[in-house]
2 protein chains.
Amino acid sequence: MNGAQALIRTLVDAGVDVCFANPGTSEMHFVAALDDVPEMRGVLTLFEGVATGAADGWARMTGRPAATLLHLGPGMGNGLANLHNARRGRAPMLNVVGDHARSHKRLDAPLESDIDAVAGTFSTWVRRSLSPADVAADAADAVAAVATGGIATLILPADVSWEEGAAVADPRPGRPLPRVAPSVVDDVAAVVRADEPVVLLLGGDVMGEEGQLAAAQVAAGTGVRLMVETFPARSVRGAGLPDLHRLPYPPEMAMAALAGTRHLVLAGATAPVHFFGYPGVPGHPVPEDCTVHVLSAPGEDGTAALRALADVVAPDAKPEVAEFERPELPTGRLTPRTMAAVVGALLPEDAIVVDEALTSGAGLTEMTSAGPRHDWLALTGGAIGDGLPMALGAAVACPDRPVIGIQADGSAMYTISALWSYAREQADITTIICDNGSYKILEHELSRVGAANDGERARTLLDLGGPRLDFVGIAQGMGVPASRAATAEELADQLRQALAEPGPHLIVATLR
Amino acid sequence: MNGAQALIRTLVDAGVDVCFANPGTSEMHFVAALDDVPEMRGVLTLFEGVATGAADGWARMTGRPAATLLHLGPGMGNGLANLHNARRGRAPMLNVVGDHARSHKRLDAPLESDIDAVAGTFSTWVRRSLSPADVAADAADAVAAVATGGIATLILPADVSWEEGAAVADPRPGRPLPRVAPSVVDDVAAVVRADEPVVLLLGGDVMGEEGQLAAAQVAAGTGVRLMVETFPARSVRGAGLPDLHRLPYPPEMAMAALAGTRHLVLAGATAPVHFFGYPGVPGHPVPEDCTVHVLSAPGEDGTAALRALADVVAPDAKPEVAEFERPELPTGRLTPRTMAAVVGALLPEDAIVVDEALTSGAGLTEMTSAGPRHDWLALTGGAIGDGLPMALGAAVACPDRPVIGIQADGSAMYTISALWSYAREQADITTIICDNGSYKILEHELSRVGAANDGERARTLLDLGGPRLDFVGIAQGMGVPASRAATAEELADQLRQALAEPGPHLIVATLR
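Parameters and conventions
- Residues numbered from 1 in each chain as written.
- Chains lettered and ligands numbered in written order.
- Predicted model: local features only at pLDDT ≥ 70, side-chain atom pairs only at ≥ 80, totals over all residues.
- Heavy atoms only, no water.
- Buried < 20%, exposed > 50% of the residue type's maximum accessible area, 1.4 Å probe, protein only.
- Helix = DSSP H or I, 4+ residues; strand = E, 2+ residues; numbered from the N terminus.
- Pairing = 2+ DSSP bridges.
- Axes fitted to C-alpha atoms, helices over the stretch in contact; angles between N-to-C directions.
- Parallel < 35°, antiparallel > 145°, perpendicular 65-115°, else oblique.
- Left-handed = near helix turned anticlockwise from the far one by under 90°.
- Contact = heavy atoms within 4.5 Å.
- Nonpolar A, V, L, I, M, F, W, Y, C, P; charged D, E, K, R; others polar.
- Buried area = accessible area lost by both parts, 1.4 Å probe.
- Salt bridge = Lys/Arg side-chain N within 4 Å of Asp/Glu carboxyl O.
- Polar contact = N/O pair within 3.5 Å; in protein donor to acceptor, adjacent residues only side chain to side chain.
- Least-squares fit on C-alpha atoms with pLDDT ≥ 70 in both.
- Disulfide = S-S within 2.5 Å.
- UniProt positions renumbered as here; feature names shortened; annotations may be inferred.
- Phe/Tyr/Trp six-rings, centres within 6.5 Å; stacked < 30°, edge-to-face > 60°.
- Lys NZ or Arg CZ within 6 Å of the ring centre and 35° of its normal.
- Domains from an automatic or database assignment.

Participant: Mind showing me how you'd approach the pairing of strand 4 (residues 92-99) of chain A here?
Facilitator: Consecutive side chains along a regular strand alternate between the two faces of the sheet. Residue and element names in this part refer to chain A. With 8 of its 8 residues buried, strand 4 lies for the most part within the structure. Judged by which residues are buried, strand 4 turns out to be covered on both faces: Pro 92, Leu 94, Val 96 and Gly 98 on one side and Met 93, Asn 95, Val 97 and Asp 99 on the other are all buried. In this structure, strand 3 (residues 66-71) lies alongside strand 4, joined through 6 bridges in parallel fashion. Residue pairing in the sheet places Leu 70 in a bridge with Val 97 of strand 4. With 8 bridges joining them, strand 4 and strand 6 (residues 150-157) adopt parallel strand pairing.

Take a look at the structure:
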């Protein structure tokens, strides 16, 4: 058994049975070994950023690490932005990065670069397999290292793949999710019982049903306000769950949302900071006289902590949850808001919504909050270009659930070749491209940073209109049926049809 | 004057007057300052890999550093693969990487990552500007640091851009190109005069007209064989120049090409190694009993050294150069060879050919070697996806010269959004997509690595045919007129028409 065969078999035994791949020469034995381990599903992508973003989406939906297969340092570099997003969202992931054969490493071949240094910037675990005898154990260690989140990067020299002498390794136990100490729960209980304004900020692992209901029970029994971090990796939403509002993205709105708060209690979330610093604006929205308390840090069992908190402070309270309600189907011209209403009106049961709508997403969460139960995946690390790939990963993870990607136009172009993988896998994904013909978010930011004399040339650099991108042609060119909607009625018709048919569809929503 | 204004003015004064940009919030003051320094041309790209590849192409054609504007660590990550290629080709380049404001840096905002560590892997010079008073001097240092090749990365905190108190800095003298010592020339002269088989391997800076003619004079006077490194960054070619053959890419062919050589003399090139290690194959093609001599290392004045060598060993020899000759226009079905013949038959005067044809490029150099004078840009670092962006940079650098990009299908998809920038800039680029519907090079490699049991699932992972990419639709969707050619006649007609019209065109060559 060669190293590649032992590696793949070990991964499958440890529950890693999907690999989003963009292989090159140094990974050819890994590719060849796919035929020896049919339980491993290889999903081809045309660009590494699609592979890493898809692995992120897959991991968010399964809670298990997906594997990626990347080609040396440059291939890993192409995947870096979505590895950044995955790191920020604490998705479990395993990158297998092929490298030169050990004997070739010293020769400084053209593709030689410092893989280890780059991998160290996003990985919680990095190792280079040094022999076929080690590689399976390395792989088992890697999977265990990220059992509760984090990115493992296993650097795999080509000859470690191709040489014989390897053997499969058994799965290793991962790090257990640490529980939150009862004394911490008691401390927070004292805070929420005191007669001062408290915000309980939720995020990360507590955004499942149980965590949200426990938080809502705390709120019902004590009057604390609930809020959600701005971009939670995965949230379950819909009727029967509390209608939770997110901490807004713009600094002024985030500060207004927390104004008057004396105690900010974190459950799964980290203390909020603004995405960017701005002239004359504080770096975070927490009021000066507000004390920040940690009920559960990311990587701890926050859901159990919320449950325990609810039992202490509100044992008999009944969480307030949303009654089923959908917006009416709107008519007339398409705006971000009417687009959101169409999505809300037609959202199918058990959907997965992948949200990279950015400025076009206003109203989306509001219009869907009381609809059918669904999961919502957000852009965790601010590196645009994760939306299209995440939807691929979510669809591979959950083939029986409809995936709806709501995607800004500018950011779609970073990883546009994801569409080809949609078609290849016949993934059940409906993509709505929010076509406003500009980097709208940057136009906002250009004003916000106080760049007063933003003239013609600056504006031009943020304008996607010359030429206007025709996403219908681009999608069809990659094998995805596509159409264009200029009114709410057209969007509704096309969305209904796309959801009724299996496989991928793309709708360009021309927004005014 | 704020930091951004001083920075851009300083760059322009130092000869850096084009910036390939994909900005984000942290770069908004840089964008705003473009209106204050109209001599700086900002070229918008939709993806950072396009920006870095275009800067590479621009730098190769001008010999001066182009600037890129990248958005924090993830934006730099997206540009990493083509920065790798630029590093391998020793292109001068300056990356301006925006970062969080200094006060925001400590807050671990979502886009925070270790920019410095990643930049260190490809840069010859890295600095973080610490104040508006420093930024212009930092920029002047950066440009000077890469005057003779190499990548400078200037990390620019947002508030260093937006704060007042900056002043323009004067250009600094760069490092001069070191001359090769006369004793080294004499040593090599003794080697080439001895009656043993000698190969003079050319590359890097000696691939201009003067270096090639000097090398050919040496060959004419001494009988040494001339050869060129496998992927020279830029070569001038055509009638009136020696017809130089490249060291082949496949290891077996490279070893055969150097078999029997007792002395390998390097001029601008490094000692050759195979791209990858293979089971049972040596890591490089240099015979065991061959001595390697360095006439000029990369970064030394190799052209002057060759001139000096020619004066010593062959003062009266006449270099053998190619007489003007073109292939006949072929007819019938399109193969890599007939495609190459069409290109050779129609190659216009003074063209720039950007070659990322990979396996489809067989015959291309042969069919063009004695045609009209042209420049040839090759993929230097093996990270595919540099071709489309390099053509953009070459066209921006040389607006009066036709650019022809010959582009493999699989690798085109890594940076496909370059086409949109072609249309936006109305760049005079004719792109020929070599459509063979597979990662053909990997099919070769799958066999070459000795992966014997390559079965159905392995083959499937290298097949781009499901679905077949329609590059005509994709190109049109980005604003580039496109057509498809299935025969040599159709390709000739379409290429003739594309070359006759200004602006970008794309032709899909369906290869059998």
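Still to come is the rest of the account.
Participant: What's the story with the packing of helix 3 (residues 48-62) of chain A against helix 5 (residues 80-89) of chain A in this structure? I'm lost.
Facilitator: For any two helices packed against each other, one specifies the crossing angle of their axes together with the interaxial distance. Residues and elements named next belong to chain A. Running from N to C, helix 3 and helix 5 cross one another at 15°; their axes reach a closest spacing of 7 Å. Accordingly, the angle class assigned to the pair helix 3 and helix 5 is roughly parallel. Classified by chirality, the crossing of helix 5 by helix 3 is left-handed. Contact with helix 3, carried on its side by Gly 49, Thr 52, Gly 53 and Asp 56, involves Asn 82, Leu 83, Asn 85 and Ala 86 of helix 5 and no other residues of that element. Of the residues in the contact of helix 3 with helix 5, the class split is 2 nonpolar, 5 polar and 1 charged.

Participant: I keep staring at the interface of chain B and chain A and nothing clicks. Help me out?
Facilitator: Accessible area lost during the coming together of the parts is what is often quoted as the interface size. Contacts between the two partners involve 96 residues from chain B and, on the opposite side, 96 residues from chain A. Here chain B meets chain A over a buried area of about 7,700 Å², counting both sides, of which 66% is carbon and sulfur. On the chain B side of the contact with chain A, Pro 110, Arg 457 and Leu 461 of chain B bury the most area, a combined 10% of that side's loss. For the pair chain B and chain A, the number of links is 2 salt bridges. Across the salt bridge formed by Asp 108 of chain A and Arg 88 of chain B, the nearest N and O atoms sit 2.8 Å from each other. Across the contact surface, chain B and chain A share 36 residue pairs in polar contact (both at pLDDT 80 or more). Looking at the side of chain B that touches chain A, its residues break down into 48 nonpolar, 31 polar and 17 charged.

Participant: Honestly, the environment of Arg 484 of chain A in this entry has me stumped. Any pointers?
Facilitator: Residues and elements named next belong to chain A. Here Arg 484 shows up in strand 16 (residues 482-485). Once the C-alpha coordinates of Arg 484 and Val 312 are considered, the two residues, 172 residues apart in sequence, prove to be 54 Å apart. If near-sequence neighbours (up to four positions away) are discounted, Arg 484 is found in contact with Asp 435, Leu 469, Asp 470, Phe 471, Val 472, Glu 490, Gln 494, Val 508 and Thr 510. A distance of 3.3 Å separates the side chain of Arg 484 from the side chain of Asp 435, its partner in a polar contact. One polar contact links Arg 484 to Thr 510, side chain to side chain, over a distance of 3.0 Å.

Participant: Would you take a moment to explain the relation of the copies chain B and chain A for this structure?
Facilitator: The second copy of the chain is related to the first by a rotation about an axis and a shift along the axis. Superposing chain B onto chain A takes a rotation of 180° plus a shift of 0.0 Å along the axis, which leaves an RMSD of 0.0 Å. Such a combination of turn and shift is consistent with a two-fold rotation axis. In terms of C-alpha distance to the rotation axis, chain B has Ile 474 of chain B as its closest residue, with the C-alpha 2.1 Å off the axis. A symmetric contact is evident, with 100% of the interface residues of chain B recurring at the interface of chain A.

Participant: Just to check I follow, could you spell out the packing of helix 14 (residues 336-346) of chain B against helix 22 (residues 488-500) of chain B for this structure?
Facilitator: Residues and elements named next belong to chain B. Where helix 14 contacts helix 22, the axes come no closer than 10 Å and their chain directions differ by 35°. With respect to the hand of their crossing, helix 14 and helix 22 are arranged in right-handed fashion. For the pair formed by helix 14 and helix 22, the contact residues are Met 339, Val 342, Val 343 and Leu 346 on the first element and Ala 488, Leu 491, Ala 492, Leu 495, Arg 496 and Leu 499 on the second.

Participant: Would you mind going over the state of the cysteines with me for this structure?
Facilitator: Residue and element names in this part refer to chain A. Going through the model one piece at a time under the given rule, you end up with 0 disulfides over all chains. Free of any disulfide, Cys 398 has its nearest cysteine sulfur in Cys 19, 18 Å distant. Judged by its relative accessible area of 12%, Cys 398 is buried.

Participant: How should the UniProt feature "domain: Thiamine pyrophosphate enzyme N-terminal TPP-binding" (unreviewed entry) in chain A be read in this particular structure?
Facilitator: In the numbering adopted here, UniProt assigns the feature "domain: Thiamine pyrophosphate enzyme N-terminal TPP-binding" (unreviewed entry) to residues 1-106 of chain A. Between the end C-alpha atoms of residues 1-106 of chain A the distance is 27 Å, and the span holds 50% helix and 21% strand.

Participant: Which parts of the structure should I look at to understand the packing of aromatic side chains?
Facilitator: How two aromatic rings sit relative to each other is given by the distance of their centres and the angle of their planes. Taken as a whole and judged by the stated rule, the model has 11 aromatic pairs over all chains. Here the aromatic rings of Phe 47 of chain A and Phe 47 of chain B are separated by 5.5 Å at their centres, their planes lie at 85°, and the arrangement is edge-to-face. Here Phe 47 of chain A is found in the loop between strand 2 (41-44) and helix 3, whereas its partner Phe 47 of chain B is found in the loop between strand 2 (41-44) and helix 3 (48-62) on a different chain. The buried category is assigned to Phe 47 of chain A, whose relative accessible area is 2%. Three or more aromatic residues link up through ring pairs in this structure, and these residues are Phe 47 and Tyr 414 of chain A together with Phe 47 and Tyr 414 of chain B. Here Arg 237 of chain A stacks its cationic end above the ring of Trp 376 of chain A, 4.7 Å away from the centre of that ring.

Participant: Please explain the domain arrangement of chain A as it appears in this structure.
Facilitator: All names here are of chain A. You can read the domains of chain A as domain 1 (3-162), domain 2 (182-313) and domain 3 (336-510). Averaged C-alpha coordinates put domain 1 and domain 3 at centres separated by 29 Å. Opposite the 24 residues of domain 1 that make contact, domain 3 presents 28 residues. Each partner contributes to the roughly 1,900 Å² buried at the junction of domain 1 and domain 3, and carbon and sulfur atoms together form 65% of this total. Run the count over domain 1 and domain 3 and you get 2 salt bridges. Between Arg 60 and Asp 386 there is a salt bridge whose closest N-O contact spans 3.8 Å.

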